[in-house]
Amino acid sequence: MIIDFNLSDIANKYTIKKQAFEYAGIDGIAELLGWQIVFFYSKYDLNNVSAISFMEITDNDLIDIGNNILDNIGINVRFRDNKSVITNIFGIPDFFDKIYLNTDRYNYILSENYFLSFGLENDNLTYLEIIYDKNIVNNIVETRQCIQ
């Protein structure tokens, strides 16, 4: 999937940093809104987003920005949704793991180059990872399935 906007297009009233970054073992460039929202571009394709990561999206401003991004990329889940909303749309996850003490992560391998990971804290979506890169999908799946 090709994303035809940058993080700065969505969150233009905020300071967006652009810097060298490594994501799941792949080097590239990232646009960062704090540490909570990351648009990652692999060094192999700096024109297209390889991954979008949302972490600890609990603040109302971040929820609004995150949901605006999800609207723009056509994912019909919203921050603060619960597990039943996610499973009604995406079905049973391919695998499950935990991050942090209280965040359950539901992982979906939709194709070799499309992966979604929904993190729920107290049954509210606060974490989301969207991967559009085959190498990153492989690295993440291999690592996370080993720690189950």
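In the block above lies the structure referred to throughout.
Only a predicted model underlies this, so the values are computations on that prediction, with no experimental measurement involved.

Peer 1: Break down the sheet that holds strand E8 (residues 124-131) for me, with residues and values.
Peer 2: As summarised here, the arrangement of the eight strands in space is E1-E2-E3-E4-E8-E7-E6-E5, forming an open sheet in which the pairing is antiparallel. Two strands bound the open sheet, and with one partner strand each, they are strand E1 (17-23) and strand E5 (95-99). Strand-to-strand twist in this sheet, taken as the mean axis angle between neighbours without regard to direction, amounts to 25 degrees. Sheet analysis places strand E7 (residues 114-121) next to E8, joined by seven bridges and oriented antiparallel. Bridge assignment links Ser 117 to a residue of E8, and that residue is Glu 129.

Peer 1: I'd like a description of the packing of aromatic side chains, backed by residues and values.
Peer 2: One pass over the structure, following the stated rule, counts nine aromatic pairs. By the ring-pair criterion, three or more aromatic residues cluster together here, those being Phe 21, Tyr 23 and Phe 40.

Peer 1: Could you give an account of the pairing of strand E4 (residues 51-54), with specific residues and numbers?
Peer 2: The alternating pattern of E4 places Ala 51 and Ser 53 and Ile 52 and Phe 54 on opposite faces, both of which are buried. Summarising the sheet, E4 and E8 pair through four bridges and their orientation is antiparallel. Residue pairing across strands places Ser 53 opposite Glu 129, the latter belonging to E8.

Scoring rules and cut-offs
- Residues numbered from 1 in each chain as written.
- Predicted model: local features only at pLDDT ≥ 70, side-chain atom pairs only at ≥ 80, totals over all residues.
- Heavy atoms only, no water.
- Pairing = 2+ DSSP bridges.
- Helix = DSSP H or I, 4+ residues; strand = E, 2+ residues; numbered from the N terminus.
- Axes fitted to C-alpha atoms, helices over the stretch in contact; angles between N-to-C directions.
- Phe/Tyr/Trp six-rings, centres within 6.5 Å; stacked < 30°, edge-to-face > 60°.
- Buried < 20%, exposed > 50% of the residue type's maximum accessible area, 1.4 Å probe, protein only.

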